[in-house]
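Here is how the chains run, residue by residue.
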Amino acid sequence: MKYYIKFSLLLMCLGSLLTACSRFLDVPPKGVVGADDLNTPESVEKLVIAAYASLGNDHWEVPYTSAWVYGSVRSDDAYKGGLGTADQGEFTQYEVFSTIQENQSRGNLLWTRLFMGVQRANLALKGINQLSDGSYPEKKQRRAEMRFIRGHFYFLLKNHFKKVPFIDELISQDSINTVSNVQYTNDEQWSKIADDFQAGVNDLPLQQEQIGRPNSYTAKAYLAKVRLYQAYEQDEQNNVTHINPQRLNEVVTLTSDIINSSGYRLSGDYAENYLWQFENGKESIFAVQRSLNDGSEVGRIDMSTALNYPMYPAYGCCSFHRPSQNLVNAFQTGLDGLPKFETFNNVEMKNEADFKNNSFDPRLDHTVGLPGHPFKYQNNIIYQTSSWTRGPELYGPFSGMKSVVQADCPCLTTAKGYAYPASSMNNDIIKFDDVLLWKAEALIELGRQDEALGIINQVRQRAKNSTARLMDANGHPYSNYHVELYKPGQNIAWTQANARRALQWERRLEFGMEGARFFDLVRWGIAAEVLNDYFEVESKRRTYLQIAHFTKNRDEYLPVPTQQIDLSNGLYKQNNGW
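Residues numbered from 1 in each chain as written. Predicted model: local features only at pLDDT ≥ 70, side-chain atom pairs only at ≥ 80, totals over all residues. Heavy atoms only, no water.

1. A closer look at the packing of helix α5 (residues 105-130) against helix α6 (residues 139-161)
Here comes step 1: Interaxial distance between α5 and α6 falls to 9 Å at its minimum, and their mutual angle equals 160°. One finds that α5 runs roughly antiparallel with respect to α6. Here the hand of the crossing between α5 and α6 comes out left-handed.
Here comes step 2: Here the residues of the contact of α5 with α6 are counted per class, giving 16 nonpolar, five polar and five charged. (Axes fitted to C-alpha atoms, helices over the stretch in contact; angles between N-to-C directions. Helix = DSSP H or I, 4+ residues; strand = E, 2+ residues; numbered from the N terminus. Parallel < 35°, antiparallel > 145°, perpendicular 65-115°, else oblique. Left-handed = near helix turned anticlockwise from the far one by under 90°. Nonpolar A, V, L, I, M, F, W, Y, C, P; charged D, E, K, R; others polar.)

2. Quick word on the packing of helix α2 (residues 41-53) against α5
Here comes step 1: Across the interface, α2 lies against α5 with an axial gap of 8 Å and an inter-helix angle of 160°. With respect to α5, the axis of α2 lies roughly antiparallel. Handedness of the α2/α5 crossing: left-handed. Within the contact between the two elements, α2 uses Val44, Leu47, Val48, Ala50, Ala51 and Ala53 and α5 uses Arg120, Ala121, Leu123, Ala124, Gly127 and Ile128.
Here comes step 2: The residue inventory of the contact of α2 with α5, partitioned by class, reads 10 nonpolar, one polar and one charged. (Contact = heavy atoms within 4.5 Å.)

3. Some words on the side chain of Ser399
Here comes step 1: Position of Ser399 relative to the elements: it lies in strand β11 (residues 399-400).
Here comes step 2: A polar atom in the side chain of Ser399 sits 2.9 Å from the side chain of Tyr383.
Here comes step 3: For Ser399, the contacting residues outside a window of four places in its chain are Pro310, Arg322, Pro323, Thr367, Val368, Gly369, Tyr383 and Thr389. (Polar contact = N/O pair within 3.5 Å; in protein donor to acceptor, adjacent residues only side chain to side chain.)

4. Let's talk about helix α18 (residues 517-524)
Here comes step 1: Counted residue by residue, α18 has eight buried out of eight residues, so it is predominantly covered.
Here comes step 2: Of the residues making up α18, those classed as buried are Arg517, Phe518, Phe519, Asp520, Leu521, Val522, Arg523 and Trp524.
Here comes step 3: One or two steps after α18, the chain reaches Gly525, where phi turns positive at roughly 75°. (Buried < 20%, exposed > 50% of the residue type's maximum accessible area, 1.4 Å probe, protein only.)

By themselves, these figures tell us nothing about what the structure is for.
Take a look at the structure:
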């Protein structure tokens, strides 16, 4: 958050936090906060700030805000990249699935960091509960904010690990070790998370004076996301067994209210979602706030994506998170301006001429650094595979662009003690385009695909219009762009099946390289089918993927870390298949 958080404050809070979550992280505390220190509004406000700070306390070793490892590299969107498969080698294990281990250090670190966020929220809630409404007029609102943050971290935990213990601020320290990760059913776990966001819907204001604090609509959007995931009911083996129409109707109601009443809307140009100067714009519903030169030691910069910049001298390092050939091909359009659903992956689009001789959705050049094209809307900087990438023979010729800032951005820096670039550009968690497509998805699954048509076309129209920044110095478009809207009876039969395919394709193009793809595939129950088809073709292009295989009924979720099962003395149960 741009609250200019002092590291001394964070260390003060961290002492108590580490005591509260000792089962998750065995690190000696750097300070201790006693119960008597938590009974003033000033102290509680500091705990609230520390909880907000946890939103952006990730790192390239555990990038839970950008989710580039967990949601992109584990999907058909991206390769890990870097110097080779041994560079950040545990991420290679996630990419190929077949070599994932239950005791991987990065899996345990992810679990630990996410629970640190939960425990910071709980610690703040404990302090809030000690104060009266009279002494702390912000009590009701701050309590809702902390429940929102806790809900966010629990959403991430459940999305990654499925079976997680639910610990709130009312559970005593002595009782934490008695909380099982299977105390609740899968549906009950989703409802526990939804309760935290419902509290935000009820008790947060419609608008906040300070940027970054959630408002009622922010909570409503996250609640809609939870209800959408909850609608796809899973059995113990991770199979989607039923799609719950009641939950889908809740999604429609929640998203409709946001669309009609919140004031959030699509930006005029798709590019504005990925440029620092437009952050916290009209499309950004919830974002992790970043800052630079804020009075703290290194600033609240985004270290989660610090490995993902190309090797261009102004950036320096490190060529991770590379778009897959499959993703690049998926942006192709046919003569009708629609995606080439059946034939998109028949021929590799990789040479400079390919992007002139074939037609594409403009979102390609907003998402992928392509050979010979200006990089990140900078016409004086031309992307060169040979000098900008590491291991192009292994990971192909492309680079990701969405989380990379422009080379002359005042938000770009080098983190103290590291040679890696980082920036103060926010990490968007929920945008208005997400809300639109959640509503469309719910309508389609309810058999109301005709109502979803206009929503999907609204997103496509914005993409079609987003070419102003994709012109070279001579006014020529970077690629040959051709996008049309879906027109039932003319270019498509708008059946439920075709509408579902259009929606799923639209989500991939709209959120490519944003860490959403894997979780979409799991929610829809098609991860094994899509990813094993992807590996079959992509392994012929990228030989290191020849060992890749997605095991259905196992790989939908990461294993509960063995370290945590051991710390619970066997109380925690492992996910299916592990």
